[in-house]
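Coordinates in review
This is what each chain is made of:
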Amino acid sequence: MNYLGVLVAVAAAFLLSWFALEFADWNKQQACATSGGRNCGAPRAYFSH
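Notes on the structure in this doc start here. (Residues numbered from 1 in each chain as written. Predicted model: local features only at pLDDT ≥ 70, side-chain atom pairs only at ≥ 80, totals over all residues. Heavy atoms only, no water.)

In this section: the overall build of the protein. A tally of regular secondary structure across the protein gives one helix and zero strands. Across the 49 residues in the protein, those meeting the buried criterion constitute 2%. Of the roughly 4,900 Å² that the protein leaves accessible, carbon and sulfur atoms contribute 66%. (Helix = DSSP H or I, 4+ residues; strand = E, 2+ residues; numbered from the N terminus. Buried < 20%, exposed > 50% of the residue type's maximum accessible area, 1.4 Å probe, protein only. Areas by Shrake-Rupley, 256 points an atom, 1.4 Å probe, with all protein chains shown as cover.)

Structure follows, in structure tokens:
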């Protein structure tokens, strides 16, 4: 039954890291919007034709 505990721990770590990355992205968008930036949520185009 130790496998179940390991599986739960891995799933919890995955979900926590996903939540942290989503929150960091949301926080960056909010900081951009409150500072008067434009297209804060738009994906960046690194290569333009």
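Additional details are given in the paragraphs that follow.
Together, Trp18, Phe19, Phe23 and Trp26 make up an exposed nonpolar region whose accessible area comes to about 500 Å². For tryptophan 18, the position within the fold is in helix α1 (residues 2-34). Taking relative accessible area as the criterion, tryptophan 18 reaches 49% and is therefore assigned partly exposed. (Patch = residues over 30% accessible without salt bridge, like charges linked within 9 Å, V, L, I, M, F, W, Y side chains within 5 Å. Salt bridge = Lys/Arg side-chain N within 4 Å of Asp/Glu carboxyl O.)

Let's shift gears to the state of the cysteines. By the definition in use, this model includes one disulfide. Here cysteine 32 pairs with cysteine 40 through a disulfide, and the sulfurs are 2.1 Å apart. Judged by the sign of its S-S torsion, about -75 degrees, the bond between cysteine 32 and cysteine 40 is left-handed. Looking at cysteine 32, the relative accessible area reads 23%, which means it is partly exposed. (Disulfide = S-S within 2.5 Å.)

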